[in-house]
Amino acid sequence: MKNFFIIFAMKILNLILKICHKNGGNFLGKIAYNWNPEIFKYFKVNCPVIAVSATNGKTMTNNCIGYTLKTAGNKVVSNVEGNNMETGILSTILKNCTLTGKIKADYLVFEVDESYIPVVFKNFRLDTLVILNFFRDQLDRNGEVESLILRINEFLKTYNGNLILNNDDPNVARLGQANPSNKNIYYFSVDKYKFATEKIKEAGEGKFCPFCKTRLEYEYYQYSHVGKFKCPNCNFGDNEIYKLATNVDLKNRCFDIDENTYKINGNSIYLIYNYTAVYSVCSLYGISNNVIKKAFSTFALNNGRLEEITIHGVPTIINLAKNPTGSNVSLRILNEDDSEKELLFVLNDNIADGFDVSWIWDINFNNLNNVSRIITSGTRAYDIAIRIKTSGFPAEKIEPYLNLEDAVKALYKTNVKKYVIANYTSLQPTRHKLKKFDEMNNNSNITIVETNDIIEKETTDTIRQNNETNSDCPNCLKILYLYPDMLELYGDYGNIQVLKYRIESRGYKAIIDRYSIGDTAPNFNDYDIVFAGGGADNEQSILAEDLVKYKDNIKEAVENGVFFLLICGAYQLFGKYYKGVEGNIIPGLEVFDYYTVANPDRKKRCIGNIVIDATLDANINIKKSSNSNDDSSDNIENLNLKTKVIGFENHGGQTFDISNSFGNILFGNGNKFGDSEEGFFENNVIATYLHGPLLSKNPELCDYIIRYCLDRKYNENVELEPLNDEFENLCREQLLNRFLN
């Protein structure tokens, strides 16, 4: 009777919401789930239940499955608005069930958040589960990708229904082996398309085989880590393909499956993957090719997902991008368009977005094709402006606006084609402002500026594998970037980009050597700066065995004054050891005496924005020239800096026995949950948990490192030429006021 009255109450509440012209979102589900978390058991379903999950593309795929099934004449119940957690799905069910819990439909089709698959379907029927992809996304909310995959894998161990998996994503394909007794596994794939690459161009996951830890080999990459891969040791990835999309033609918006050509509304490779998944589902349920062709050719999401509209006569394309992969795919679409264009990038950091915006440094803004101007907006407008500037795009062509309405007005001062990229909570407000601007100005005269000021640039990092000859370089600084393919989880590569930008803006050259497992051994003393970032526990355990080989060389380089910048996981590895949640010990290099222990209490994980008060004091040995007649000993130069440092922390490890911290906590946690100190500092070593990346919002700190290295290298006091730090200063002012006031 309890569930009967819950449903009855929700029906009345839903009626009130309709009278008030309110949708309610997941409101009904929140109340009902709070009253009875076991309510999913009560519903009676006599039709197939299909669920779609992924980091990117689940809304489009879910809605297209529902649309195609409806086109075939079926009654479909689905959460088309995208409320995809347990309360959102429950709201959809409550609106469509009887008081006794019966759901009258031919199909139930649900988009479900990756984290909530085990929650929703623990007590609810599931016939077919479609999984498209897994990428890093809102790491402060979802955690590391590996942790998410393991939770889903645990659920699938007892699942025997249809499982439709993207065989081109190793993170997804591995789930096919979760339950060896399940014979209903179906893999889909997309054949190589025109813009596929031999090397990965964007940040990606799944570099190692999940079963034997061997590095995966790729024949090609479609985007991010999605492509044709195989483990050379155990053949992971070599699966029988259920449905294969071929002859992908993005220009003409079509592709082939099963010797039939399908026209679609969209021109992106990841849309092809979504449609292939839809086709796989429809094939399982016997939907005819004619129905699928009709549905595919007429389906349009029109909710900001690759939506094409016209604003004041100007073609405008809007797309959601809430993580690096989504953003990089959006920029690929932009770059594949040769016409002149302008870009609006809107970035918020509200709860639903995740507070950590370090992911923007995994976006590839290099070599934008015929982009003449970029507008940035949102709560983190200055962060994205700094990111774009650092990629080499001219600062004078970047306009940040905290106010979205001002940003839209600025965007349409010209009549060239527009691309709009917005993250989760900024998407619908941006669509609203664009359409409002169109309505207000449709019949009025506004000044349109003709522009042919196209920026054509070729930005190539001076990055080498460390097996190249490392000759002495006058007027340069040499940086060793350790394990860039493994320690790069939180946008830490941004520190390399900022260093390079600020070094080369002064007329020096930045030579960046990469070292990873299997490369020629580096001599750490050959470098001015050694950098290593943060990574997942799995990657740390793999590379720790390799890094220990250089223990003595690293200690010698530290003693000789080489500057070491160590972030998160690298910070931990330079101590005595790291002790994981399961009690496993990852031995450290023992360069310093601190050690780290993972806290099993998720509530005490240190996550959030952080500000520290740092006082740095370094001594540099300025050697006398061999030609000098001065018999006195070498000079000791003192270099110091006192500044507030802004970053983002996301670590479960608690670090103990710090002899000298990087700074005192003004806002945030630090080395331990609720600590008063953060990081470790010793003359030429900064070890810290601060992501963000660290140097992007702290130009003084970056220049301190550069100044130290130049003084040490050239045995003189070098004065750095001031740079235009307008965006950085505005960003710091905004964030310090926000966090400290």
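So, how was this worked out
- Residues numbered from 1 in each chain as written.
- Predicted model: local features only at pLDDT ≥ 70, side-chain atom pairs only at ≥ 80, totals over all residues.
- Heavy atoms only, no water.
- Buried < 20%, exposed > 50% of the residue type's maximum accessible area, 1.4 Å probe, protein only.
- Helix = DSSP H or I, 4+ residues; strand = E, 2+ residues; numbered from the N terminus.
- Arc of directions from axis to C-beta.
- Contact = heavy atoms within 4.5 Å.
- Pairing = 2+ DSSP bridges.
- Axes fitted to C-alpha atoms, helices over the stretch in contact; angles between N-to-C directions.
- pLDDT = per-residue confidence, 0-100.
- 1 Å grid on protein atoms, 1.4 Å probe; cavity = no way out; pocket = protein on both sides within 12 Å on 5 of 7 lines; lining within 4 Å.
- Points joined across faces, edges and corners; volume = space filled by probe spheres on them.
- Nonpolar A, V, L, I, M, F, W, Y, C, P; charged D, E, K, R; others polar.
- Polar contact = N/O pair within 3.5 Å; in protein donor to acceptor, adjacent residues only side chain to side chain.
- Parallel < 35°, antiparallel > 145°, perpendicular 65-115°, else oblique.
- Left-handed = near helix turned anticlockwise from the far one by under 90°.
- Disulfide = S-S within 2.5 Å.

Moving on: helix α2 (residues 27-35). If you check which residues of α2 are buried, you get Leu 28, Gly 29 and Ala 32. The buried residues of α2 occupy an angular sector of 90° when the element is viewed end-on, so they sit on one face. Among the structural elements, α1 (2-19) and α4 (86-96) are those in contact with the buried residues of α2.

Each strand in a sheet pairs with another by means of backbone hydrogen bonds, the pair being arranged parallel or else antiparallel. Taken in spatial order, the four strands line up as β26-β25-β27-β30 in an open sheet, and their pairing is mixed. If you trace the sheet from one side to the other, it starts and ends with β26 (585-587) and β30 (653-656), each paired once. Between one strand axis and the next, the sheet turns by 20° as a mean value, whatever way the strands run. In terms of strand pairing, strand β25 (residues 577-579) meets strand β27 (residues 595-598) through two bridges, oriented parallel. Residue pairing across strands places Tyr 578 opposite Thr 596, the latter belonging to β27. Running over the sheet, helix α16 (residues 537-547) touches β25 and β26 and is turned about 45° from β26.

Looking now at the confidence of the model for the protein chain. Of the residues in the protein chain, 93% reach a pLDDT of 70 or more, and the chain-wide mean stands at 89. Scored below 50 in pLDDT, residues 443-471 makes 81 contacts in the model with residues more than four places away or belonging to other chains.

Empty space among the atoms becomes apparent when a probe as large as a water molecule is rolled across them. Counting across every chain of the model gives nine cavities of 30 Å³ or more. The space that makes up the largest cavity amounts to roughly 310 Å³. Taken together, 25 residues line the largest cavity, and the ones lying closest to its centre are Glu 146, Glu 205, Gly 206, Lys 207 and Glu 539. At the level of secondary structure, the elements contributing two or more residues to the lining of the largest cavity comprise α7 (145-156), α8 (170-173) and α16. It is α7 that contributes the most residues to the lining of the largest cavity, three residues altogether. Among the residues making up the lining of the largest cavity, the classes are represented as eleven nonpolar, five polar and nine charged.

Tracing the backbone shows Asn 56 in the loop between β2 (49-53) and α3 (58-71). Polar side-chain contacts of Asn 56 include one of 2.8 Å to the side chain of Asn 323.

With that settled, consider unusual backbone geometry. Note the cis peptide between Gly 692 and Pro 693, where omega equals -10°. Positive phi is not limited to glycine here, since Arg 253 has a value of about 55°. By the secondary structure assignment, Arg 253 is in the loop between β11 (241-249) and β12 (254-257). The exposure class assigned to Arg 253 is partly exposed, which follows from its relative accessible area of 25%. A positive phi angle is found at Tyr 483, which is not glycine, with a value near 50°. Tracing the sequence through the fold places Tyr 483 in the loop between β21 (476-482) and α15 (493-504).

Before going further, it helps to spend a moment on the packing of helix α9 (residues 269-284) against helix α10 (residues 289-298). Axis separation between α9 and α10 bottoms out at 11 Å; the angle between their running directions is 150°. Viewed along their axes, α9 and α10 adopt a mutual orientation that is roughly antiparallel. α9 and α10 meet at a crossing whose hand is right-handed. Packed against α9, whose contacting residues are Tyr 275, Val 278, Tyr 279 and Cys 282, the element α10 presents Asn 289, Ile 292 and Phe 296 at the interface.

Here six strands make up an open sheet; going across it, the order is β14-β15-β19-β16-β17-β18 and the pairing mixed. The open sheet has two edge strands with one neighbour each: β14 (307-311) and β18 (398-401). In this sheet, adjacent strand axes meet at a mean angle of 20° when their direction is disregarded. The sheet contact formed by β14 and strand β15 (residues 314-320) spans five bridges and is antiparallel. Note on β15: the bridge partner recorded for Ile 309 is Thr 316.

What follows covers the state of the cysteines. Taken as a whole and judged by the stated rule, the model has zero disulfides. This cysteine, Cys 212, is not joined by any disulfide, and Cys 231 carries the nearest cysteine sulfur, 3.4 Å off. The partly exposed category is assigned to Cys 212, whose relative accessible area is 25%.

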